[in-house]
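Each chain, letter by letter, is given below.
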Amino acid sequence: MMSASRLSVNVNAVAVLRNRRDLPWPSVTGLAAIALEAGAKGITVHPRPDERHIRKSDVFELAELIEDRFPHKELCLEGYPSPDFLDLVEKARPDQVLFVPDDPHQQTSDHGWRFDPANKALLKEAITAAREAAVTVSLFLDPEPALAAEAAAIGAERIEIYTGPYGGCHDNPEATGRELDRIVATAEAARDAGLGVNAGHDLTVANIPALIRRAPFIREMSIGHGFTADALIHGFAESVRRFRRAMGEI
């Protein structure tokens, strides 16, 4: 068993609920603190341009929370590498940034980067800017092994494998097995390319164990929707423990 956590709790859904009213609760920072106190490795947020869930003010408050109370924990910002987002990264100085190829109006991240010439140029510039700010860079990739070497070639330090299709076939064991094979092959290719490997999207206490058994070197799992759904039943602190048990950590 490992004592170190690889769970990063995404609190976007907390912000969605808060934003339904002009009130300060539920508190994004308050629930983030509960998750960190319970043993989560860090907090992930995706501040979108329309601030429909996480606001820029949340980003700075979370950065301050971690700096002041949890200096050994991590903040990860997700976003499309637009000038505004890169400016936020430079000012907030998260521990990690995950560049995603999202359209501003997408409901959620649902695909990874394709490395055509335009995207390569965009990402190289963004990676340089983030690394100048001493921020670790991860790229969101579909579970396709050939993409890992391309991510390494343009300067990424980590990848996050999009696990949505794996989570989405929860009621189809045959399809689940195929999707798991794709994720594991991509994770192994990334490891062989010298990249750190993260995973995220629709991960649950039910589907994490099979993944972690086959790819125990995954260093971080970013979980939002599944975690929040679990926390509505069990509470934030207990859900941290439940997910960490699923990861074989406690």
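Being a predicted model, the structure only gives us computed values, none of them experimental. (Residues numbered from 1 in each chain as written. Predicted model: local features only at pLDDT ≥ 70, side-chain atom pairs only at ≥ 80, totals over all residues. Heavy atoms only, no water.)

Draft legend 1. The environment of Ile161, seen in detail. With respect to the helices and strands, the residue Ile161 is situated in strand S6 (residues 158–162). Look at Ile161 and you get buried, because its relative accessible area is 0%. Between the C-alpha atom of Ile161 and that of Ile183, which follows or precedes it by 22 residues, the distance is 7.0 Å. Excluding its chain neighbours within four sequence positions, the residues that come into contact with Ile161 are Leu141, Pro143, Ile183, Thr186, Ala187, Val197, Asn198, Ala199 and Gly200. (Helix = DSSP H or I, 4+ residues; strand = E, 2+ residues; numbered from the N terminus. Buried < 20%, exposed > 50% of the residue type's maximum accessible area, 1.4 Å probe, protein only. Contact = heavy atoms within 4.5 Å.)

Draft legend 2. Expanded view of the environment of Glu51. Relative to the assigned elements, Glu51 resides in the loop between strand S2 (42–45) and helix H3 (56–69). C-alpha of Glu51 to C-alpha of Ala15: the two residues are 36 residues apart in sequence and 9.5 Å apart in space. Discounting residues that sit within four places of it in the chain, Glu51 has contacts with Asn19 and Lys56. Within the structure, Glu51 has its side chain in polar contact with the backbone nitrogen of Lys56 (distance 2.8 Å). (Polar contact = N/O pair within 3.5 Å; in protein donor to acceptor, adjacent residues only side chain to side chain.)

Draft legend 3. Examining the UniProt feature "active site" (unreviewed entry) in the protein more closely. Sites flagged by UniProt as "active site" (unreviewed entry) map to His46, Glu78 and His201. Sequence-wise these annotated residues cover 156 residues; spatially they are packed, their C-alpha atoms never more than 12.9 Å apart. Following the sequence through the fold, His46 ends up in the loop between S2 and H3. When near neighbours in sequence (up to four residues on either side) are disregarded, His46 contacts Asn12, His53, Ile54, Glu78, Gly79, Val100, Asp102 and Ser109. With respect to the element layout, Glu78 can be found in strand S3 (residues 74–79). Looking at Glu78, the relative accessible area reads 8%, which means it is buried. (UniProt positions renumbered as here; feature names shortened; annotations may be inferred.)

Draft legend 4. Spotlight on the pattern of salt bridges. For the structure shown, the criterion picks out 18 salt bridges. Residues Glu220 and Lys41 are paired through a salt bridge, measuring 3.3 Å at the closest nitrogen-oxygen approach. With Glu220 in strand S8 (residues 220–223) and Lys41 in the loop between helix H2 (28–37) and S2, this residue pair connects regions lying 179 residues apart in the sequence. Across the pair, exposure class does not vary: Glu220 and Lys41 are buried alike. Between Arg245 and Glu238 there is a salt bridge, and its shortest N-O distance comes to 2.8 Å. Residue classification places Glu238 among the partly exposed residues on the basis of a relative accessible area of 26%. One salt-bridge network, in which partners are shared between bridges, spans Arg6, Arg244 and Glu249. (Salt bridge = Lys/Arg side-chain N within 4 Å of Asp/Glu carboxyl O.)

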